[in-house]
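Each chain, written out:
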Amino acid sequence: MGFNCGIVGLPNVGKSTLFNALTATQAADAANYPFCTIEPNSGRVAVPDERLDTLARLAKSVKVVPTQLEFVDIAGLVAGASRGEGLGNQFLGHIREVDAILHVLRCFEDDDITHVAGRVDPVADAEIVETELMLADLESLEKRVDGLTKRARGKDKDAEADLKLVEKLIPALREGKPARSLIAALNDDECLRLARLQLLTGKPVLYVCNVEEENAAKGNKYTEMVAKKAAAEGAGSVVISAAIEAEVAQLTDPEERKAFLSELGLAEAGLARLIREGYRLLGLITYFTAGPKEARAWTISKGTKAPQAAGVIHTDFERGFIAAETIAYEDYVACGGEQGAKSAGKMRTEGKEYVVADGDVMEFRFNV
């Protein structure tokens, strides 16, 4: 698993530059004109996790396999996208397919790079995109009302529940509130129904503030504006310099990379911060498997039970699940590995109702 993030934003905010840097490729054509990205480019990157390296060392693993994250670089959006302006239809179609939205905002001034509105205002930029997404969602829901109403009159319980939810969402969208703003007030069944509606504004959003190199460590007045907006919405925000990330991507030596970042006042690359915030936003955690052959990281949703976690490895593991031999990461390290943890009584046998914790080192017993 992992997660799939669509990189969106107005033209010329640094989306493709960031995509190229994060995936260490030149798959996207970063050019100084709108719509240089016509088809979505996707790239997978390894999720950095120091715990995996530690486990591999203790287990003397021959192979180390990190979990992966997919970025999708989506064409720049302009006002009127919900009516098909620019590449609006492609933009809206591609964004429906991702798990979360990384909304890149221009938080730097540069006379050499044009802005479609002729000014630098990241909050206004964010609102342009959000408005287009809300208009598209509103149109989608209004088209559903008649069909749901007819089915509800026929005592279709499923349609009744969907209609009730849609009737909550439409007024909120008309008032300029994204669908995700209602989630806290919805019950579990309504949240599941909301997910099935695939609304653009129902997806989690992480605002990515693209700044100049000198502001990468502490941000600037523009990033402060975005942080306030994100806090008010319950969204996330992270400050990144796409230019720095592009340079970091060229450095293959870990020590050289660390020294480069240190000179800029940064403890880690922007990718690590972005992934960490993205995991928090989507409620994701990591568990591990470790042995002589390989040490591997697996991404699951918080609250996942042992059989479903096993199913991420192979469906047979879930279907024939018997038990999970589990060691907490801290215990695995403190005891010097699996044998030490087992001798110290730190290995637990967990059943079908066990909720996997972040960092668990697991081995599944199953019978198909």
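See above for the structure.
Here the structure is a predicted model, which means the values were calculated and not measured.

Chemist: Teacher, can you tell me more about the pairing of strand S10 (residues 321-327) here?
Modeler: Residues in a regular strand point their side chains to alternate faces of the sheet. The buried fraction of S10 is high, at 6 of 7 residues. Here 6 bridges tie S10 to strand S12 (residues 361-366), and the two strands are oriented antiparallel to one another. Looking at S12, one finds that Ala324 is bridged to Phe364.

Chemist: Help me understand helix H5 (residues 157-174) in this model?
Modeler: Every α-helical turn comprises 3.6 residues, leaving residues that sit three or four positions apart pointing alike. Between its first and last C-alpha atoms H5 spans 26 Å; for 18 residues at 1.5 Å apiece the expected length is 26 Å, and the two agree. Buried within H5 we find Ala159, Asp162, Leu163, Leu165, Val166, Leu169, Ile170, Ala172 and Leu173. Backbone nitrogen of Asp158 and a side-chain oxygen of the N-cap are separated by 3.0 Å at the start of H5; the cap is Asp156. Once H5 finishes, Gly176 follows within two positions and takes phi at roughly 85 degrees, a positive value.

Chemist: How should I be thinking about the nonpolar core in this particular structure?
Modeler: A general feature of soluble globular proteins is that nonpolar side chains tend to end up buried together. Core analysis: the largest hydrophobic core is formed by 56 residues, its most contacted members being Leu69, Phe71, Ile95, Leu102, Tyr207, Val208 and Leu274. Setting aside residues up to four positions removed in sequence, Val208 forms contacts with Leu18, Leu102, His103, Val104, Leu105, Val238, Ile240 and Leu274. Counting 19 residues, the second-largest nonpolar core is a separate cluster that includes Leu148, Ala159, Leu169 and Ala172.

Chemist: Can you help me understand the sheet that holds strand S5 (residues 100-106) in this one?
Modeler: Hydrogen bonds along the backbone pair up the strands of a sheet, which may run parallel or antiparallel. Overall, mixed pairing links the 6 strands, which are arranged S2-S4-S1-S5-S6-S7 in an open sheet. What marks the edges here is a single partner per strand, and that holds for strand S2 (41-46) and strand S7 (236-240). Averaged over all pairs of adjacent strands, the angle between strand axes in this sheet comes to 25 degrees, irrespective of strand direction. Taken together, the 4 bridges between strand S1 (residues 4-8) and S5 define a ladder with parallel strand orientation. Following the sheet pairing, Val8 is matched in S5 by His103.

Cut-offs applied
Residues numbered from 1 in each chain as written. Predicted model: local features only at pLDDT ≥ 70, side-chain atom pairs only at ≥ 80, totals over all residues. Heavy atoms only, no water. Buried < 20%, exposed > 50% of the residue type's maximum accessible area, 1.4 Å probe, protein only. Helix = DSSP H or I, 4+ residues; strand = E, 2+ residues; numbered from the N terminus. Pairing = 2+ DSSP bridges. Expected span 1.5 Å × (residues − 1). Polar contact = N/O pair within 3.5 Å; in protein donor to acceptor, adjacent residues only side chain to side chain. Core = buried A, V, L, I, M, F, W, Y, C linked by side-chain atoms within 4.5 Å. Contact = heavy atoms within 4.5 Å. Axes fitted to C-alpha atoms, helices over the stretch in contact; angles between N-to-C directions.

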